[in-house]
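Listed below, chain by chain, are the residues.
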Amino acid sequence: MEICYLGTGADDWVPEEGERNGEYRRRSAATLDGVLSIDLPSTTPCEALTGVREVLYTHSHRDHFDLCLLSRLASDRPLTIYMETSFAARIAGEVPDRVTVRGIAPGETFATETGYRVTALAANHRVAAYPEEQPLAYVIEREDCRVFWGGDGAWLRCDTWAYLRGFPPFDRMVLDGTLWNRPGDGRIFEHNHLGMVREMAATFRREGRIKTNGKIILTHFSRDSQYPRAELEKEVAEMGLFAAYDGLVDRF
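First, a word on what this report is: a plain description of the structure on this page.

The rules we used
- Residues numbered from 1 in each chain as written.
- Predicted model: local features only at pLDDT ≥ 70, side-chain atom pairs only at ≥ 80, totals over all residues.
- Heavy atoms only, no water.
- Buried < 20%, exposed > 50% of the residue type's maximum accessible area, 1.4 Å probe, protein only.
- Helix = DSSP H or I, 4+ residues; strand = E, 2+ residues; numbered from the N terminus.
- Pairing = 2+ DSSP bridges.
- Phe/Tyr/Trp six-rings, centres within 6.5 Å; stacked < 30°, edge-to-face > 60°.
- Lys NZ or Arg CZ within 6 Å of the ring centre and 35° of its normal.
- Axes fitted to C-alpha atoms, helices over the stretch in contact; angles between N-to-C directions.
- Core = buried A, V, L, I, M, F, W, Y, C linked by side-chain atoms within 4.5 Å.
- Contact = heavy atoms within 4.5 Å.
- Polar contact = N/O pair within 3.5 Å; in protein donor to acceptor, adjacent residues only side chain to side chain.

**Topic: the pairing of strand β1 (residues 2-7)**
Two faces, one strand: in a regular strand the side chains alternate between the faces of the sheet.
Right, so step 1: Across the 6 residues that make up β1, a large majority, 5, are buried.
Right, so step 2: When β1 meets strand β14 (residues 249-251), the two strands line up antiparallel, connected through 3 bridges. Its bridge partner being in β14, glutamate 2 is matched across the sheet by arginine 251.
Right, so step 3: Looking at chain direction, β1 and strand β2 (residues 29-32) are connected through 4 bridges and run antiparallel. What sits directly across from tyrosine 5, in β2, is alanine 30.

Structure, rendered in structure tokens:
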């Protein structure tokens, strides 16, 4: 399997505001094997999406979903998109005819047309404008490769953790790394800081949720708490973790 990280930033990486600490991150998106995308915000480079035929959306926040980009991609290919059921119902009438919309509920397992087995899980996150929408995390499997995509979300919900314990060990666990360790940041109730990730990673390893040669990778870094990349990578490496960056290609 190959994961290409097309963007690794949170919503506060506004293109017009440019760099911070001499660096810039696009809003978070990735592709698997060039054919399946996870989220498509407006900052995603279209030239990296030529082979994409399906999209897993975690939720409807603008740093994960952009209707204009979706419509642009659908202008030259059919697309199948997967998203939480209320999100799907809300946008079904807005997408181009060449887009097939599939609503997915937490706990549901389905097969994609590009050959993946996917299980949707509930993420510890919210969409304030649409409180009925449940943001999703995903377990993505193909042959003997297995990825947990944590998406946006703080500590795993207890039901999501129970689901994860039912899977064989993972090759990759990709987690929300939005915040650093500044005390008093109210976003910890829907995003992780590095201390929270450290505790979860230790539990994943102790419980055998990650393969011996597997990796735990952080993404979705906030602009206002952005370390310089070298400093961030050094700090998370000391925890046995990895920090994704725009353009990272991870093959396993």
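**Some points on the packing of aromatic side chains**
Right, so step 1: Taken as a whole and assessed by the stated rule, the structure comprises 9 aromatic pairs.
Right, so step 2: Here phenylalanine 148 and phenylalanine 170 contribute two aromatic rings whose centre-to-centre distance is 6.4 Å and whose plane-to-plane angle is 70°, an arrangement assigned as edge-to-face. Taken together, the positions of phenylalanine 148 in strand β10 (residues 145-149) and phenylalanine 170 in strand β11 (residues 170-176) put the pair 22 residues apart, joining distant regions of the chain.
Right, so step 3: The class of phenylalanine 148 is buried, set by a relative accessible area of 1%.
Right, so step 4: We classify phenylalanine 170 as buried; its relative accessible area is 0%.
Right, so step 5: Aromatic pair tryptophan 161 and phenylalanine 204: ring centres 5.8 Å apart, planes at 35°, arrangement tilted. Residue tryptophan 161 is located in helix α3 (residues 158-164), and its partner phenylalanine 204 is located in helix α4 (residues 194-206); the two are separated by 43 residues in the primary sequence. Here tryptophan 161 and phenylalanine 204 have matching classes, each one buried.
Right, so step 6: Lying over the aromatic face of tyrosine 130, arginine 90 brings its terminal NZ or CZ to 3.5 Å of the ring centre.
Right, so step 7: One cation-aromatic arrangement involves arginine 229 over tyrosine 245; the distance from NZ or CZ to the ring centre is 3.6 Å.

**Side note on the sheet that holds strand β6 (residues 99-104)**
Right, so step 1: Sheet architecture is open: 7 strands sit in the order β6-β5-β4-β3-β2-β1-β14, paired in mixed fashion. Where the open sheet ends on each side, the last strands, each with one partner, are β6 and β14. Ignoring strand direction, the axes of neighbouring strands in this sheet form an average angle of 20°.

**A word on the nonpolar core**
Among soluble globular proteins, nonpolar side chains are generally buried collectively.
Right, so step 1: Grouped together as the largest cluster of nonpolar side chains are 25 residues, with contacts concentrated most on Phe148, Leu164, Phe170, Met173, Ile216, Leu218 and Leu241.
Right, so step 2: Elements supplying a minimum of two residues to this core: β9 (136-142), α3, β11, α4, β12 (210-219) and α5 (229-237).
Right, so step 3: Broken down by element, this core gets its largest block of residues, 5 residues, from α4.
Right, so step 4: In contact with isoleucine 216, not counting residues within four places along its chain, are Met173, Leu175, Ala201, Phe204, Arg205, Ile210, Leu241 and Phe242.
Right, so step 5: In terms of nonpolar packing, the next biggest core, distinct from the first, is built from 24 residues, Leu32, Tyr82, Val118 and Leu136 among them.

**Some words on the side chain of asparagine 192**
Right, so step 1: Its location among the elements puts asparagine 192 in the loop between β11 and α4.
Right, so step 2: Reaching out from asparagine 192, the side chain makes a polar contact with the backbone oxygen of aspartate 176 at a distance of 2.9 Å.
Right, so step 3: Beyond its immediate stretch of four places on either side in the chain, asparagine 192 contacts Gly153, Ala154, Trp155, Asp176, Gly177, Thr178, Leu179, Val197 and Met200.

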